[in-house]
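# Per-entry structural report
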Amino acid sequence: MAAPLIQVAGLIKNYGYIKALRGIDLELAPGDFLSLFGPNGAGKSTLIRLLSTQAKPTSGRVEIAGYNLAEDTLELRHQIGVISHASYLYNSLTALENIKLYASLYGVEKPERQARKLIEQVGLADRMHHLVRTFSRGMQQRLSIARALIHQPRIIFLDEPYTGLDQHAAHLLSELLNQLNDGERTIILITHNLNRGLALANQVAILVQGRLIYHQPRTDVNEAEFEQLYFQHVSQAGQAGSGLINQLA
Ligand code: ADP
C-alpha cells in the first residue's frame, strides 16, 4: 500500500463540555475516496474543519502530505481544497474575477488562464463574466468547486455538497467527482445520500457521537444491506452514547 497521504491519530475536539470528536484514528492513501456518513451532530463537519485547518483540535495528531497540522498550517493548506455549504465566493464579483482572485491568493502561475480553464471544466464558460449573485445554487456550487481546485490540491474535502442541488445539478456534481477521483487525489465526502456516497467511494465510514464506529473498504460493503447496517450502527452507538451521558450526568 502507498504511504498514507492523510494520517489522523487520537483526534479530539471539545467545544466547552460538548465532545464533538472523541478520538479519531484514520489513514488514507493517495487515490482513496472515503464517503463518511453519520447523523446530524455526529462530528462530521468538525472533522473536516479540523483537517482543513479551519479549527484547532483539542488534542491528537494530524499529518497531511507529510505536513503537520499544528506546525505547517500554510503548507498544508496548499495541499487541500474544501467544498462545503459556504461557497466562499464574492457575490459582487464575476465568476472569472472570483477564481482569478483565489488563483492569485495561492500564487498560481498564469492565474487568468488557469481560472478560465477551470470555469470551462465546471461547465460555466458562458457565465464567465456574470456576477455570482445572479447564479443559481447549482451554478454557485460548481463555481465553488473551481475555487477549491484552482491550486490543484491533492486532497479534497466535500461537506454535503449535494445540499440544495436539483437532480440535474446533483448528477453533474457526481460526474465532476468521478473525474476528480483519478487515482491520485484523496477525497473525503460527507453526504446523507447513502447510494451516492457508496457509488463514488472506495472506503466507507460511519461517524456517530464523535467516534468512527465503522470503516471498511467499499468492496466489503453490500449495497443492498448498507442502509440497514447504517441504521443499526447508528442506533446501537446512540444507545451506548446516551448510557454514557447518563453515567456522566
Ligand atoms: P455534523 O457535521 O456531523 O452534523 P458537527 O461537526 O457540526 O456535526 O457538530 C458536532 C457537535 O459539535 C454538535 O454537538 C455541535 O452542536 C457541536 N459544535 C459544532 N461546532 C460548534 C461550535 N463552533 N461551537 C460549539 N459547538 C459546536
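On a predicted model such as this, the values are computed, not experimentally measured, just so you know.

Definitions and limits used
Residues numbered from 1 in each chain as written. Predicted model: local features only at pLDDT ≥ 70, side-chain atom pairs only at ≥ 80, totals over all residues. Heavy atoms only, no water. Buried < 20%, exposed > 50% of the residue type's maximum accessible area, 1.4 Å probe, protein only. Helix = DSSP H or I, 4+ residues; strand = E, 2+ residues; numbered from the N terminus. Arc of directions from axis to C-beta. Contact = heavy atoms within 4.5 Å. Near = heavy atom within 4 Å. Polar contact = N/O pair within 3.5 Å; in protein donor to acceptor, adjacent residues only side chain to side chain. Nonpolar A, V, L, I, M, F, W, Y, C, P; charged D, E, K, R; others polar. Core = buried A, V, L, I, M, F, W, Y, C linked by side-chain atoms within 4.5 Å. Domains from an automatic or database assignment. Pairing = 2+ DSSP bridges.

### Observations regarding helix 4 (residues 111-121)
Here helix 4 has its buried residues at Ala115, Leu118 and Ile119. The buried residues of helix 4 occupy one face: seen down the axis, they fall within an arc of 100 degrees. Exposed and oriented more than 90 degrees from the buried face of helix 4 are Arg113 and Gln121. Looking at the buried side of helix 4, the elements it contacts are helix 3 (95-105) and helix 5 (137-149).

### So, the site of the ligand
All residues in the neighbourhood of the ligand are listed as Tyr15, Ile18, Ala20, Pro39, Asn40, Gly41, Ala42, Gly43, Lys44, Ser45, Thr46 and Arg49. A distance of 2.7 Å is found between an oxygen atom of the ligand and a backbone nitrogen or oxygen belonging to Gly41. With respect to the ligand, the side chain of Arg49 contributes an N or O atom lying 3.2 Å from a nitrogen atom. Looking at the shell around the ligand, the elements with two or more residues in it are strand 2 (18-28) and helix 1 (44-51). No other element matches helix 1, which puts four residues into the shell around the ligand. Across the shell around the ligand, the residue classes break down as five nonpolar, five polar and two charged.

### Some remarks on the environment of Arg116
Relative to the helices and strands, Arg116 is located in helix 4. Each C-alpha atom of the pair Arg116 and Leu96 lies 6.7 Å from the other, and the pair is 20 residues apart in sequence. Once residues lying within four places of it in the same chain are set aside, the contact partners of Arg116 are Leu96, Met128 and His129.

### Topic: the nonpolar core
Core analysis: the largest hydrophobic core is formed by 50 residues, its most contacted members being Ile119, Leu143, Ile150, Val204 and Phe226. Three or more residues apiece are contributed to this core by two domains, here domain 1 (1-79 + 154-172 + 179-249) and domain 2 (88-152). With sequence-adjacent residues up to four places away left out, Phe226 is seen in contact with Phe37, Leu194, Leu198, Val204, Ile206, Tyr214 and Val221. Counting 29 residues, the second-largest nonpolar core is a separate cluster that includes Leu21, Leu26, Val62 and Leu69.

### Some remarks on the sheet that holds strand 2
Within the open sheet, the four strands sit side by side as 2-1-4-5. Their pairing is antiparallel. Looking along the sheet, the strands with just one partner apiece sit at the ends: strand 2 and strand 5 (67-68). Inspection of the sheet shows strand 4 (residues 59-64) paired to strand 5 by two bridges, in the antiparallel sense. Across the sheet, the residue bridging to Glu63 is Asn68, located in strand 5.

Distances and angles like these do not, on their own, reveal function.
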